[in-house]
Amino acid sequence: MRQLLIAFCLLVSAPVWAETRDPLNHFFQPKFGDFQADLQEARKQGKQGIFLFFEMDACPFCERMKTTILNQSDVQDAYREKFLVYSIDVNGDTEMTDFQGKRMTEKAFAFAHRVRATPTLLFFDLDGKLVARHTGPTKNQAEFLLLGQYVAEGAYATQPFIKYKQGK
């Protein structure tokens, strides 16, 4: 009887396991270090822009998002369909090139975009223009997906995210 119960529990929980994937390999894409080149790649792939997840080590809110939201296959698929998706270390000394072609560190890039808390979620259009910002973690998976939809639909041009959320 005990073996049957264990087998049943494994069978019932198997779909949950199948729906989660490591965000480092399935959500975030490897960085080229050159956002001008990334914009060209985004256009070539038919994306709507670039999504940046600003984070830092030991950030509990970043970690919670990675383990409860960014590891979900439907979230990963939805975002990677519409955007190139990158992680930026707000304390990082890795050299990069910003959207205007200026060389700087990840830390300087974060500072230039007024990232003062983590996580901060920034969306850039195909011209490298910042179109949406969300500071702090999203409440849950549904809100994070709605944020991506808000940007993909272009609703940021006519209303703030909070108003968009209320209408959904």
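Because the structure is a prediction, the values reported are computed rather than measured. (Residues numbered from 1 in each chain as written. Predicted model: local features only at pLDDT ≥ 70, side-chain atom pairs only at ≥ 80, totals over all residues. Heavy atoms only, no water.)

### Quick word on the overall build of the protein
Where we set the bar: Helix numbers and strand numbers start at the N terminus; a helix is a DSSP run of H or I with at least 4 residues, a strand a run of E with at least 2. Throughout this description, buried means an accessible area under 20% of the type-specific maximum (1.4 Å probe, protein chains only), exposed means over 50%, and partly exposed covers the range between. We call two residues in contact when some of their heavy atoms are within 4.5 Å. Each accessible area is a Shrake-Rupley result for a 1.4 Å probe, and residues are judged covered by the shown protein chains and nothing else.
For the protein, the count of helices and strands is 8 helices and 6 strands. For the protein, with 168 residues in total, the buried portion stands at 43%. Here the analysis covers contacts within the protein between residues at least 6 apart in sequence; of these, 65% occur between residues at least 24 apart. Accessible surface for the protein amounts to roughly 9500 Å². Of this, 56% is attributable to carbon and sulfur atoms.

### Some details on the side chain of threonine 118
Within the secondary structure, threonine 118 sits in the loop between helix 6 (106-112) and strand 5 (120-124). For threonine 118, a relative accessible area of 13% puts it in the buried group. Ignoring any residue separated from it by four or fewer positions in sequence, one finds threonine 118 in contact with Phe54, Glu55, Met56, Cys59, Phe61, Cys62 and Val90.

### Considering the pattern of salt bridges
Spelled out, the test is: The term salt bridge refers to a side-chain nitrogen of Lys or Arg lying within 4 Å of a carboxyl oxygen of Asp or Glu.
Inspection of every chain in the model, using the stated rule, returns 8 salt bridges. Close ionic contact of arginine 21 with aspartate 77 constitutes a salt bridge, the shortest N to O distance being 2.7 Å. Here the residue arginine 21 occupies a position in the loop between helix 1 (2-19) and helix 2 (23-26), and aspartate 77 occupies one in helix 5 (residues 73-82), the gap between them amounting to 56 residues. Residues glutamate 41 and lysine 44 are paired through a salt bridge, measuring 3.7 Å at the closest nitrogen-oxygen approach.

### Digging into the packing of helix 5 against helix 7 (residues 141-152)
Quick note on the threshold: Here an axis means a line fitted to C-alpha atoms, over the contact stretch when the element is a helix, while the angle between two N-to-C directions is reported on a 0 to 180 degree scale. In what follows, roughly perpendicular refers to angles from 65 to 115 degrees, roughly parallel to angles under 35, roughly antiparallel to angles over 145, and oblique to any angle outside these ranges. Crossings are classed by handedness, with left-handed meaning an anticlockwise turn of the near helix from the far one by less than a right angle and right-handed meaning a clockwise turn. Any residue outside Ala, Val, Leu, Ile, Met, Phe, Trp, Tyr, Cys, Pro, Asp, Glu, Lys and Arg is labelled polar, Gly included; the first ten of those are nonpolar and the last four are charged.
Direction vectors running N to C along helix 5 and helix 7 enclose 10 degrees, while the axes themselves pass 10 Å from each other. Considering their axes alone, helix 5 and helix 7 lie roughly parallel with respect to each other. Where helix 5 crosses over helix 7, the two elements pack in a sense that is left-handed. Of helix 7, the residues touching helix 5 (which contributes Asp74, Val75, Ala78, Tyr79 and Lys82) are Gln141, Phe144, Leu145, Leu147, Gly148 and Ala152. Classifying every residue of the contact of helix 5 with helix 7 gives 7 nonpolar, 2 polar and 2 charged.

### Structural notes on the nonpolar core
Here is the rule we go by: Only buried residues count toward a nonpolar core. Its members are Ala, Val, Leu, Ile, Met, Phe, Trp, Tyr and Cys residues joined through side-chain atoms within 4.5 Å.
Ranked by internal contacts, the top residues of the largest apolar core, which has 26 residues, are Phe27, Phe51, Tyr79, Phe123 and Phe144. Where this core is concerned, the elements lending two or more residues are strand 1 (49-55), helix 4 (60-68), helix 5, strand 2 (83-89), strand 5, strand 6 (130-135), helix 7 and helix 8 (161-166). Ranked by residue count, the leading element in this core is helix 7, at 6 residues.

### Focus: the confidence of the model for the protein
Let me state the cut-off plainly: Each residue carries a pLDDT score, the predictor's confidence in it, ranging from 0 to 100.
Model confidence for the protein is summarised by a mean pLDDT of 89, while 89% of its residues fall at 70 or above. Across residues 1-18, where pLDDT falls below 50, the model places 1 contact with residues more than four positions away in sequence or in other chains.

### With respect to helix 5
Cut-off, in case you're wondering: The arc in question is the one spanned by the directions pointing from the helix axis to the C-beta atoms.
Among the residues of helix 5, Ser73, Val75, Gln76 and Tyr79 are the ones counted as buried. The arc that holds the buried residues of helix 5, viewed along the axis, is 160 degrees, so those residues lie on one side.

### Observations concerning the pairing of strand 6
Quick note on the threshold: At least two bridges found by DSSP between two strands is the condition for calling them paired.
Note that strand 5 and strand 6 share 5 bridges and pair antiparallel. The residue of strand 6 that forms the bridge with leucine 121 is histidine 134. Here strand 5 folds back onto strand 6, and the loop between the two strands holds 5 residues, one of which, glycine 128, carries a positive phi near 80 degrees.

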